[in-house]
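Here's the letter readout for the chains.
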Amino acid sequence: MKCFVHQAADAVGTCRACNKGICPDCVKDLGHSICCSQGPCETKARTLDSQVAQSSVVLAAQRRNRFLAPMFFIIAGALFIAFAGSATGQWFGYGQAFGLGFIVFGIVLGIASHRYARDLERKA
């Protein structure tokens, strides 16, 4: 591949921002990627790198917190069942049905979150 600006020079890589071939004279080293030394490419490349870094932070938080929402629904369902049963004295009513729905949804959400996190770890 040849440099986009200097057609006679061989490219040493591609710009992180515009994906054009760049030679040693045109390259700007960002430490973790390279970009064109002229034009708006450096700003765009730094923005792309910061977005990737932010995504990894969000992904790590998601992996840590993947059981918070399922646990919330399971606990809320248990509370629905407990308080609806004691308030009405019925064996099974609307409160217990809502509580059971919350518990089932929490379990399904927990299984789906666990599978999603496991697939992400496998791909990483």
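Above this text sits the structure in question.
In this text the structure is predicted, and so the values were computed from the model without any measurement.

What is the right way to look at the pattern of salt bridges in this model?
Between side chains of opposite charge, a pair can form when the charged atoms approach closely. Inspection of every chain in the model, using the stated rule, returns four salt bridges. Measuring nitrogen to oxygen at the nearest pair gives 2.8 Å for the salt bridge that ties D10 to K2. By relative accessible area, which is 48% here, D10 ends up partly exposed. A relative accessible area of 42% means that K2 is categorised as partly exposed. Between D119 and R122 there is a salt bridge, with its nearest N and O atoms 3.3 Å apart. In this pair, D119 and R122 are both assigned in helix α3 (residues 94-123), three residues apart and thus about one turn of the helix distant.

I keep staring at the packing of aromatic side chains and nothing clicks. Help me out?
To describe a pair of aromatic rings, you give the distance between the ring centres and the angle between the ring planes. Under the defined criterion, the tally for this structure stands at five aromatic pairs. Judged by centre distance (5.4 Å) and plane angle (75 degrees), the rings of F72 and F73 are edge-to-face. Ring plane angle 85 degrees and centroid distance 4.8 Å describe the contact between F73 and F105, whose orientation is recorded as edge-to-face. Note that F73 is positioned in helix α2 (residues 68-88) and F105 in helix α3, a separation of 32 residues in sequence. The exposure class assigned to F73 is partly exposed, which follows from its relative accessible area of 22%. Residue class for F105 comes out partly exposed when judged on its relative accessible area of 43%. What links up through ring pairs into an aromatic cluster is the set F72, F73, F80, F98, F102 and F105. The ring of F4 is capped by K20, whose NZ or CZ atom sits 4.1 Å from the centre of that ring.

What should I look at first to understand the nonpolar core in this one?
Side chains of nonpolar character tend, in soluble globular proteins, to be buried together. Core analysis: the largest hydrophobic core is formed by 11 residues, namely C3, C15, A17, I22, C23, C26, L30, C35, C36, C41 and A45. Only β4 (34-36) and α1 (41-64) provide two or more residues apiece to this core. Among all residues touching C35, those that are not within four sequence positions of it are C15, R16, I22, C26, V27, K28, L30, C41, E42 and A45.

Which parts of the structure should I look at to understand a nonpolar patch on the surface?
Together, F80, I81, F92, Y94, F98, L100, V104 and V108 make up an exposed nonpolar region whose accessible area comes to about 830 Å². Among the elements of the structure, α2 and α3 are those that each provide at least two residues to the nonpolar patch. Among the elements that line the nonpolar patch, the one with the most residues is α3, at five residues. Looking at where I81 falls in the secondary structure, it is placed in helix α2.

Is there a simple way to explain the environment of H6 in this structure?
The topology assignment puts H6 in the segment before β1 (13-14). Taking C-alpha positions, H6 is 8.3 Å from I22, a pair spaced 16 residues apart along the chain. Those residues in contact with H6 that sit more than four places away from it in its chain are C23, D25 and C26.

Rules and cut-offs
Residues numbered from 1 in each chain as written. Predicted model: local features only at pLDDT ≥ 70, side-chain atom pairs only at ≥ 80, totals over all residues. Heavy atoms only, no water. Salt bridge = Lys/Arg side-chain N within 4 Å of Asp/Glu carboxyl O. Buried < 20%, exposed > 50% of the residue type's maximum accessible area, 1.4 Å probe, protein only. Helix = DSSP H or I, 4+ residues; strand = E, 2+ residues; numbered from the N terminus. Phe/Tyr/Trp six-rings, centres within 6.5 Å; stacked < 30°, edge-to-face > 60°. Lys NZ or Arg CZ within 6 Å of the ring centre and 35° of its normal. Core = buried A, V, L, I, M, F, W, Y, C linked by side-chain atoms within 4.5 Å. Contact = heavy atoms within 4.5 Å. Patch = residues over 30% accessible without salt bridge, like charges linked within 9 Å, V, L, I, M, F, W, Y side chains within 5 Å. Areas by Shrake-Rupley, 256 points an atom, 1.4 Å probe, with all protein chains shown as cover.

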